[in-house]
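Okay, here's what each chain looks like letter by letter:
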Amino acid sequence: MGLIALAYGVACYLFFFAVFLYFVVFVGGDALGAATAGVAPFLGSVKTVDAVAARNVFAPPAVQNIALLLLFGVSHSVMARASFKRAWTKIIPKPCERSTYVLTASLVLVAIFHLWRPMPAVIWSATGLWSALLLIGYFIGVATVLLSTFMINHFDLFGLKQVWARFKNTEFKHDNFRTPFLYAVVRHPLYLGFLILVWTTPMMTAGHLLFAAGMSIYIFVAIGYEERDLIAHFGEEYHRYMQRVPSILPFGGGKN
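Computed from a predicted model, the values in this text were never measured in an experiment.

1. Some thoughts on the overall build of the protein chain
For the protein chain, the count of helices and strands is ten helices and two strands. Taken from N to C terminus, the helices and strands of the protein chain fall in the order α-α-α-α-β-α-α-α-α-β-α-α. By sequence separation, contacts in the protein chain at least 24 residues apart represent 74% of the contacts at least 6 residues apart. Counting only carbon and sulfur atoms, one obtains 72% of the accessible surface of the protein chain, whose full area is about 13,200 Å².

2. Comments concerning the nonpolar core
Of all hydrophobic cores here, the largest spans 40 residues; its most connected members are Phe26, Ile112, Trp116, Leu197 and Phe211. Those elements that provide at least two residues to this core are helix H1 (2-35), helix H2 (61-80), helix H4 (97-115), helix H5 (128-151), helix H8 (189-199) and helix H9 (206-234). Ranked by residue count, the leading element in this core is H1, at eight residues. The residues touching Leu197, leaving out its near neighbours within four places in the chain, are Phe23, Val27, Tyr138, Gly141, Val142 and Val145. Counting seven residues, the second largest nonpolar core, distinct from the first, contains Tyr183, Tyr238, Tyr241 and Val245.

3. Digging into H9
Over its 29 residues, H9 runs 41 Å from end to end, which matches the ideal 42 Å to within 8%, given 1.5 Å per residue. Within the span of H9, buried status applies to Ala206, Gly207, His208, Phe211, Ala212, Met215, Ser216, Tyr218, Ile219, Ala222, Ile223 and Glu227. Gly235, located one to two residues past H9, shows a positive phi value of around 65 degrees.

4. Notes on the packing of H8 against H9
Between H8 and H9, whose axes approach to 9 Å, the crossing angle comes to 170 degrees. Between H8 and H9, the angle falls in the class roughly antiparallel. When H8 is examined against H9, the residues Tyr191, Phe194, Leu195, Val198 and Trp199 are found in contact with a partner set consisting of His208, Leu209, Phe211, Ala212, Ala213, Ser216, Ile219, Phe220, Ala222, Ile223 and Glu226. A breakdown of the residues in the contact of H8 with H9 according to their chemical character gives 13 nonpolar, two polar and one charged.

5. Describing unusual backbone geometry
For residues that are not glycine, phi is negative in most cases, and the peptide bond is trans in most cases. Positioned with a positive phi, Asn169 is a non-glycine residue whose angle comes to about 60 degrees. Structurally, Asn169 can be placed in the loop between helix H7 (160-168) and H8. The backbone of Phe181 shows a phi angle near 45 degrees, a positive value even though the residue is not glycine. For Phe181, the position within the fold is in the loop between H7 and H8. On the accessibility criterion, Phe181 (64% relative accessible area) is exposed.

6. Re the packing of aromatic side chains
Tallied over the entire structure, the rule returns 20 aromatic pairs. On the basis of an interplanar angle of 35 degrees and a centroid distance of 5.5 Å, the ring pair of Trp164 and Phe167 is categorised as tilted. Note that Trp164 and Phe167 are positioned in helix H7 at a spacing of three residues, about one turn of the helix. An angle of 75 degrees between the planes, with centres 5.7 Å apart, marks the rings of Phe177 and Tyr238 as edge-to-face. With Phe177 in the loop between H7 and H8 and Tyr238 in helix H10 (residues 236-244), this pair connects stretches of sequence that are 61 residues apart. Taken together, the aromatic side chains of Tyr22, Phe23, Phe26, Phe113, Trp116, Phe194 and Phe211 make up a single cluster linked through ring pairs.

7. As for the state of the cysteines
Taken as a whole and assessed by the stated rule, the structure comprises zero disulfides. Free of any disulfide, Cys96 has its nearest cysteine sulfur in Cys12, 8.0 Å distant. When its relative accessible area of 6% is taken as the criterion, Cys96 is described as buried.

8. Details of the pattern of salt bridges
By the definition in use, this model includes one salt bridge. Of the charged contacts, one joins Arg187 and Glu227 as a salt bridge, the two residues approaching to 2.7 Å between their closest N and O atoms. Here Arg187 is found in the loop between H7 and H8, whereas its partner Glu227 is found in helix H9, with 40 residues between them in sequence. Judged by its relative accessible area of 7%, Glu227 falls in the buried class.

9. Examining H2
Each turn of an α-helix holds 3.6 residues, which means side chains three or four residues apart point in the same direction. Look at H2: 29 Å from first C-alpha to last across 20 residues, which is about the 28 Å you get at 1.5 Å a residue. Considered for burial, the residues of H2 that qualify are Gln64, Asn65, Leu68, Leu69, Phe72, Gly73, Ser75, His76, Ser77 and Met79. Looking at the packing, one finds that the buried side of H2 touches helix H3 (82-88), H4 and H9.

Basis of the calculations
Residues numbered from 1 in each chain as written. Predicted model: local features only at pLDDT ≥ 70, side-chain atom pairs only at ≥ 80, totals over all residues. Heavy atoms only, no water. Helix = DSSP H or I, 4+ residues; strand = E, 2+ residues; numbered from the N terminus. Contact = heavy atoms within 4.5 Å. Areas by Shrake-Rupley, 256 points an atom, 1.4 Å probe, with all protein chains shown as cover. Core = buried A, V, L, I, M, F, W, Y, C linked by side-chain atoms within 4.5 Å. Buried < 20%, exposed > 50% of the residue type's maximum accessible area, 1.4 Å probe, protein only. Expected span 1.5 Å × (residues − 1). Axes fitted to C-alpha atoms, helices over the stretch in contact; angles between N-to-C directions. Parallel < 35°, antiparallel > 145°, perpendicular 65-115°, else oblique. Nonpolar A, V, L, I, M, F, W, Y, C, P; charged D, E, K, R; others polar. Phe/Tyr/Trp six-rings, centres within 6.5 Å; stacked < 30°, edge-to-face > 60°. Disulfide = S-S within 2.5 Å. Salt bridge = Lys/Arg side-chain N within 4 Å of Asp/Glu carboxyl O.

As structure tokens, this is what we get:
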């Protein structure tokens, strides 16, 4: 069982990582493909938030896209709750719970990639220096997302530590509460990175705007649920952290 759990966890992680890399390109849209045409010409041929869609449409673009965003938000939020985990681990082995969460989230993203309907009306189109600055901001967002996961425990977050403990037949324990680097500046640098990633684009289309707004709403709703769980787990220690460190914006004091 330990070897099967480990193989399952590694497979889920590798699938997630491939999906995340595609997510970076998907959100970058045509602007990213144009900016990197001389370095990675294939980026101009993959499906992005702005690319020409397939014909398999089952609703008007805005309705279909909102449904996809709701699917992502609901599945993410429900599966992350402690009550769901308690029920879910009666069906699947507990060491595989996090890996299954990662797998499910990745599959939902794949559905978004496949079914997303571009809405090409241009909201803004930056050129010159502004375009370069927005593209730099986009890559800062990508880097912030990745680095944030390693500042806490990347392998715990994506389920590898749990299946490794099962393979070694040892007890799995989460790390103690700590606030390294960016976590000493904001409580949720991972979410901050995603917000930067989805909003900083040289060309903002209506479809990209809908995607960014939907992801932003999900993030702020998720923060509320996540912090409630963190207070339940870490108690007063996390409550003091909330009082001291802002949530998303690195100014304005705690609890913003």
